[in-house]
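Survey of secondary and tertiary structure
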Amino acid sequence: MDYDLVVIGGGLAGLSAANRAAELGLRPVVLERGQDELYPCNSRFAGGLVHLAFKDMTAGADEIHAAIERSTGGLTEPALTHLLADEADRSLTWLRGQGARFIKAGPYEWMRWVLAPPRPRTPGLEWKGRGPDMLLRALTANLAKRQGRLLRGVAAGEILRRDGRIAGVAAGQDGGAARFEAPAVLIADGGFQGNAELVARHISPKADALFQRGAGTGMGDGIRMAEALGARLYGMDRFYGHLLGREVFGNEKLWPYPILDHLASAGVLVDAAGRRFCDEGIGGVYMANETAKLDDPRGITVVFDEATWATTGADNRFPPTPNDSFTRAGGTVLAADTLDALAAKIGVPADALAETVAAHNDAVGSERYAALTPPRTNARKTAKPIAAAPFRAVQACAGITYTMRGIEIDTHARVLAEDGAPIPGLYAAGSCTGGAEGGPRAGYIGGLSKAVITGMRAAEHIAETRRG
Ligand SMILES: Cc1cc2nc3c(=O)[nH]c(=O)nc-3n(C[C@H](O)[C@H](O)[C@H](O)COP(=O)(O)OP(=O)(O)OC[C@H]3O[C@@H](n4cnc5c(N)ncnc54)[C@H](O)[C@@H]3O)c2cc1C
């Protein structure tokens, strides 16, 4: 065979797997659909915060695992989440060995390991020469030094089998067809957020109403190829994303930052009828997921008051929050001296907005958040009254960054079949996999750490298998 391993996708998961495989003496090839030397992918666009469930990667396996459980409601695969927690420290060491540079970017645990140089605290997409881009460049250079190959402009289309065994990948290249033969294939194509049909089927009835808050390169090809070989999917319903200003559809400075999550958690998030529809206390990833389920996902509005705008809105930690950057980037913050006037500006019924705000203020005053409809929590995100004029609002939408669920894998990153047994020779890593994120609170644990750890594990198992 041509290679020991064919990797589909040259993001962090694919490049980590290929480098680890080459370190262990294997001959990997990475097939990457992007043509450019600095082809777009979510890994390159990332903020660069390397954490697991917002814990420091060196916090210890027990602490990290407990955080993953809290964030996902435990509705994940325990073996997989234990693996991530166990391997957190080692993956960080491995990344440093590949040339990754880290800085501590702020006071919180999840800011301890930020890929350097960090992105600036400015609105818009800033990736060139930033930490994640530099890491991908280092991994690409390392792979070449280790005699591995990265082929750009190659789109994997089908995983080949011969005599019932994995035999490689058939792909499109230069307008023609090509075959890459190997006894092992790793799917690392980044999820299905870029595929409107799949998003409509699994995530939102109005896929077009979600903003593509990422490279949009995950088209679900890997999931389709894995399914064709009998792979089991671990649900497909949740995604990692944030609340963005609705004007982002016409203003590229409004993504991927600033996000509106913190303002929404302090105030209220209302639908096109002026009513709350989800628990703002859980956080922005959850709110984005609940927004996606609405009939009118582009009809949402974040409502808060002047005091929140001056405090929460001005809290310029990583990433930039709205006060310092949203309006500068062209975003509109509606303001009015009365709630009635604000409702008219938003275009929601005034009585509904008044009732929503009154109920919110009662709950904040009495601390009886469970009495709200729907109930809200207040343990992680603090609700603030909406009482100080001018009252303010930002018309918002949900941005989808990557799908959290997909191909089910075991602790060696082997793809599992419908009966739960691994499909020999078939592996998956990174955002196309399911089992470690999601759950009722749409728990997000960190896409970069998941990509590195699952990629490394796949390579190590392939090497072990080859050694017999
Ligand atoms: C704006 C933004 C900020 C983020 N911030 C953070 C952060 O701070 N911390 C964090 O942990 N995570 C963050 N993430 C998420 C993180 O970047 C991803 O979860 C992670 O990088 C996914 O890696 P991956 O290798 O699985 O997928 P990707 O990086 O998306 O790579 C998949 C690759 O596969 C290629 N591909 C797709 N289909 C095919 C095919 N058929 N044939 C060949 N190639 C194919 C694509 O072109 C792409 O290059 C962020 C993401 C974005 C967009």
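Right above here is the structure, for reference.
Conventions used here
Residues numbered from 1 in each chain as written. Predicted model: local features only at pLDDT ≥ 70, side-chain atom pairs only at ≥ 80, totals over all residues. Heavy atoms only, no water. Near = heavy atom within 4 Å. Polar contact = N/O pair within 3.5 Å; in protein donor to acceptor, adjacent residues only side chain to side chain. Areas by Shrake-Rupley, 256 points an atom, 1.4 Å probe, with all protein chains shown as cover. Helix = DSSP H or I, 4+ residues; strand = E, 2+ residues; numbered from the N terminus. Buried < 20%, exposed > 50% of the residue type's maximum accessible area, 1.4 Å probe, protein only. Contact = heavy atoms within 4.5 Å. Pairing = 2+ DSSP bridges. Axes fitted to C-alpha atoms, helices over the stretch in contact; angles between N-to-C directions.

**Quick look at the site of the ligand**
As a matter of local geometry, the ligand sits amid 40 residues, with E32, S43, L49, D221 and L448 nearest to it. D221 places a side-chain nitrogen or oxygen 2.7 Å from a nitrogen atom of the ligand. Between the ligand and the protein, one listed contact pairs a nitrogen atom with a side-chain N or O atom of Y444 at 3.3 Å. Protein contact buries 99% of the 1000 Å² of open area that the ligand shows by itself. Breaking the shell around the ligand down by element, the ones donating at least two residues are α1 (12–23), β2 (28–32), α2 (42–45), β6 (154–162), β15 (391–403) and α14 (447–467).

**Observations regarding the side chain of E290**
Inspection of the secondary structure assignment puts E290 in helix α9 (residues 284–292). Looking at E290, the relative accessible area reads 13%, which means it is buried. Ignoring anything within four residues of it in the chain, the contact list for E290 reads R238, F277 and C278.

**Here we look at the sheet that holds β6**
Spatially, β6-β7-β8 is the arrangement adopted by the three strands of the open sheet, whose pairing is antiparallel. Edge positions in the sheet fall to β6 and β8 (176–181), since each has one partner strand and no second. Geometrically, the sheet is characterised by an average inter-axis angle of 25° between neighbouring strands, direction not taken into account. Pairing between strand β7 (residues 165–173) and β8: six bridges, direction antiparallel. Note on β8: the bridge partner recorded for G172 is A177.

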